[in-house]
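# Architecture and fold: a report
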Amino acid sequence: MKKNLKKIAALAMVAIVVFAACKKNQETLTPEPQETVKNADKVLQHIKNLGFPESSIVDNGNEYIVEEDIIFPKNMSIPASAAAPKTEQYYTGSIVNSTNKLNIRVFVDPSMTSMSSEINSAIAQWNGVSGSTLRFNIVTTAPYDILIKDENLGSGVCGQGQFPSGGSAGALIKINKSYIAGNSFAQRARTICHEFGHCISFRHTNWAAQGESTATNVPGVTGTDSQSLMNGGQCGSGATVLSQKDKDATAVLY
């Protein structure tokens with residue numbers, strides 16, 4: 001009987017230790033910082049203020065994806081010019097500043113070196129716009145402003161890009177390399193050129209047809225443009241060169 005009592009007492013002590021350990025582990029679990037949650041909420045509201053329909057916004061972990069190809073990091077700084085939506089080619093209202101626009105450094109991840117020719121072609125289009133001082137340059141080491149890398153984005157999505165923030169170009173371009181591999185050279189370069197356009201603030205020119213409620217008009221360059229390289233929803237089939245309006249809008253902003 002004494003033996004049994006000792007055994008029960010020993011088991012009870014083990015149970016208490018295990019319970020205490022479990023409780024301690026539960027107490028040390030740290031929830032996501034409140035500041036991060038609050039900023040994500042602000043970013044979500046910013047996206048809505050830009051006129052994107054809620055149905056086009058996808059929560060993708062550390063970022064929101066809009067209309068399949070525009071990236072909004074949840075920790076991004078909200079541009080000061082984004083206090084209120086504006087109705088009126090089209091852009092976000094926030095551009096690369098006068099210093100950074102002269103040398104936007106692009107780092108090509110090793111996963112994308114097989115498409116270096118397409119990347120160079122895309123860059124040449126933006127750098128060749130008459131009346132613009134905007135310049136993209138390839139760099140092989142840090143620091144850089146834009147990282148372009150391969151990522152599996154699923155069927156139907158050719159690429160994704162970020163908008164500018166804090167006077168700097170959008171920091172990331174993702175290209176669905178295997179998905180666009182079967183497209184023509186011109187269409188592969190077009191995808192990359194389109195995403196670079198997002199990195200310097202350009203919205204989809206056909207924003208209204210995409211279901212967006214509002215967009216900020218580039219001063220003096222109004223209306224729709226079926227030839228715009230910045231039209232959305234044309235993965236593998238859109239214009240392969242910047243239209244005259246695309247160029248005019250670039251010259252106005254940069």
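Everything numeric in this text was worked out from a predicted model, so none of it was measured.

## Brief notes about the overall build of the protein
Check the secondary structure of the protein and you find six helices and ten strands. Looking at the protein as a whole, 45% of its 254 residues are labelled buried.

## Quick look at the pairing of strand β3 (residues 70-73)
What you see with β3 is no split at all: I70 and F72 on one side and I71 and P73 on the other are buried throughout. Pairing of strand β2 (residues 63-66) with β3, which is carried by four bridges, proceeds in the antiparallel orientation. Bridge pairing links Y64 to F72 in β3. From the end of β2 to the start of β3, which pair antiparallel, there are three residues, and E67 there has a positive phi angle of about 50 degrees. Pairing between β3 and strand β8 (residues 159-162): two bridges, direction parallel. Paired with I71 across the bridge in β8 is Q162.

## Digging into helix α3 (residues 116-127)
Along its twelve residues, α3 runs 16 Å from first to last C-alpha, staying within 8% of the 16 Å computed at 1.5 Å per residue. Residues of α3 that are buried include every one of E118, I119, A122, I123, Q125, W126 and N127, and no others. Its buried side turned inward, α3 meets β5 (104-108), β6 (136-139), β7 (146-150), α5 (185-199) and α6 (244-253).

Calculation rules
Numbering of residues begins from 1 in every chain and follows the order in which that chain's sequence is written. Where local features are concerned, this predicted model is filtered to residues with pLDDT of at least 70; where side-chain atom pairs are given and counted, the filter is 80 or more; whole-chain, interface and lining totals use all residues. Hydrogens and water are ignored here; the side-chain numbers use all heavy atoms of the structure. Only DSSP runs of H or I reaching four residues or more are called helices, and only runs of E reaching two or more are called strands; each is numbered from the N terminus. The rule is simple: take the accessible area with a 1.4 Å probe, protein chains only, and divide by the maximum for that residue type; under 20% is buried, over 50% is exposed, in between is partly exposed. Here a strand pair is declared whenever DSSP counts at least two bridges between the two strands. A helix's residues, less one, multiplied by 1.5 Å, set its expected span. Here, two residues are considered to be in contact whenever any of their heavy atoms come within 4.5 Å of each other.

These figures capture arrangement, not role.
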